[in-house]
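Residue-level structure breakdown
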Amino acid sequence: MQTLVGWHIEMDFREDGARTKAAALLRLPDGTEVRSHGHASRHPSDPEQERVGEELAAARALNDLARQLLGKAAHEIEEVTRVPAHPRI
């Protein structure tokens, strides 16, 4: 039997001049919430491109989210196996 599970990530952005901040929120089916943040700064000589700042900040927030999920998975594996787990991307 195949089970389909979907996760949805909420991503919010805040622009402040040359700085862009991203906040990500992932709600897991068990009710756990995982939050992460990322930021990007535009060099003064670079042209204004809001989307590029958002993409960089989002990528960094998602990278942090991935790191947290790996840690959560390792902890859950260790609880069952009692052996240190080191999952990698």
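We now turn to the structure provided with this report. In this convention, every chain numbers its residues from 1, walking through the sequence in written order. Only residues with pLDDT of at least 70 are given local features in this predicted model, and only at 80 or more are side-chain atom pairs given and counted; all residues enter the totals for whole chains, interfaces and linings. No hydrogens and no water enter the side-chain calculation; it runs on all heavy atoms of the structure.

1. Some words on the sheet that holds strand β3 (residues 33–41)
- For two strands to count as paired, DSSP must find a minimum of two bridges between them. Helix and strand definitions here come from DSSP, where helices need a minimum of 4 consecutive H or I residues and strands a minimum of 2 consecutive E residues; each element is numbered from the N-terminal end. Across the sheet, 3 strands lie side by side as β1-β2-β3; this open sheet has antiparallel pairing. The sheet terminates laterally at β1 (9–16) and β3, the two strands that pair on one side only. For this sheet, the mean inter-axis angle between neighbouring strands, taken without regard to orientation, is 15°.
- Together, β1, β2 (19–27) and β3 form the strand contacts of helix α1 (residues 50–81), whose direction differs from that of β3 by roughly 145°. The axes used here are C-alpha line fits, helices contributing only the stretch in contact, and every angle between their N-to-C directions lies in the interval 0 to 180 degrees. For this analysis, residues touch if any pair of their heavy atoms sits within 4.5 Å.

2. Some details on unusual backbone geometry
- For R82, which is not glycine, the phi torsion reads 60° and is therefore positive.
- Tracing the sequence through the fold places R82 in the segment after α1.

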